[in-house]
Amino acid sequence: MIDRSTEAPPLKELLSELAAGADRYYLKSSSIVETLHYRGRTFYSKFRRIDSSPNATLLSQHLNKEITLALPLLQGGKGDKLIIEYLGEEPERFLQTLIRLFAHLGLQKFRVFQGKYKDRRIVILPLPEQELDELHELGSRLSDMLETRLSKSWRILPDRRLPEDYNIYTLPYGYIN
């Protein structure tokens, strides 16, 4: 959420908010832990699914970069947020373009985080709970609009071309705004 008049809550508190509704989390491994064939494609995952809620100790370990945690975007084919992960080399240009696009579309509530690497950005756009197809359609429209101004260097989740357990996002490591 962009509100420059107040100080942001501590990152651990923000991560706790993100993890609050999760009934499972994913723990990254150093090797492939699962191979899945889905709609004619083969997926390889380094994330192991853990069927319990993440706790404060896990969040602290993630922030200290001892482990890497990811959270699910979907539960029962529905989700309440859209994730835009920027993977390029111009994060400030990307964010300025995205902020103008969101203002044009009337989307005011979103948070921008830093990923594991200094140029990686994770934008979390909270939405009312929707079906996967509706979330994917909105993500595709946003991506198309961004692509008119920037070269494609982001991904938007959830994606209906991925299995539900692959529509996950890695928790951020820093808060931008």
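Residues numbered from 1 in each chain as written. Predicted model: local features only at pLDDT ≥ 70, side-chain atom pairs only at ≥ 80, totals over all residues. Heavy atoms only, no water.

Caution is warranted with low-pLDDT regions, since their predicted coordinates should not be read in detail. In the predicted model, the chain carries a mean pLDDT of 90, and the fraction of residues at 70 or more is 95%. Across residues 1-7 the pLDDT falls below 50, and counting only partners more than four positions away or on other chains, this stretch makes 10 contacts in the model. (pLDDT = per-residue confidence, 0-100. Contact = heavy atoms within 4.5 Å.)

Turning to helix H1 (residues 11-19), its buried residues number three or more, namely Leu 11, Leu 14, Leu 15, Leu 18 and Ala 19. Viewed along the axis of H1, the buried residues span an arc of 135 degrees, placing them on a single side of the element. (Buried < 20%, exposed > 50% of the residue type's maximum accessible area, 1.4 Å probe, protein only. Helix = DSSP H or I, 4+ residues; strand = E, 2+ residues; numbered from the N terminus. Arc of directions from axis to C-beta.)

Under the defined criterion, the tally for this structure stands at 13 salt bridges. Between Arg 160 and Asp 133 there is a salt bridge whose closest N-O contact spans 3.7 Å. You can see Arg 160 sitting in the loop between strand S9 (154-157) and strand S10 (168-170) and its partner Asp 133 sitting in helix H4 (residues 132-147), a full 27 residues away along the chain. Accessibility expressed as a relative area gives 32% for Arg 160, which makes it partly exposed. When the shortest N-O distance is used, the salt bridge between Asp 159 and Arg 161 registers 2.7 Å. (Salt bridge = Lys/Arg side-chain N within 4 Å of Asp/Glu carboxyl O.)

On to the environment of Leu 59, then. Looking at the element boundaries, Leu 59 is found in helix H2 (residues 56-63). Relative accessible area serves as the criterion here: at 3%, Leu 59 is assigned to the buried category. A C-alpha to C-alpha distance of 18 Å links Leu 59 and Ile 176, two positions 117 residues apart in sequence. Contacts of Leu 59, omitting those with residues within four sequence positions, involve Leu 15, Ser 16, Leu 69 and Leu 171.

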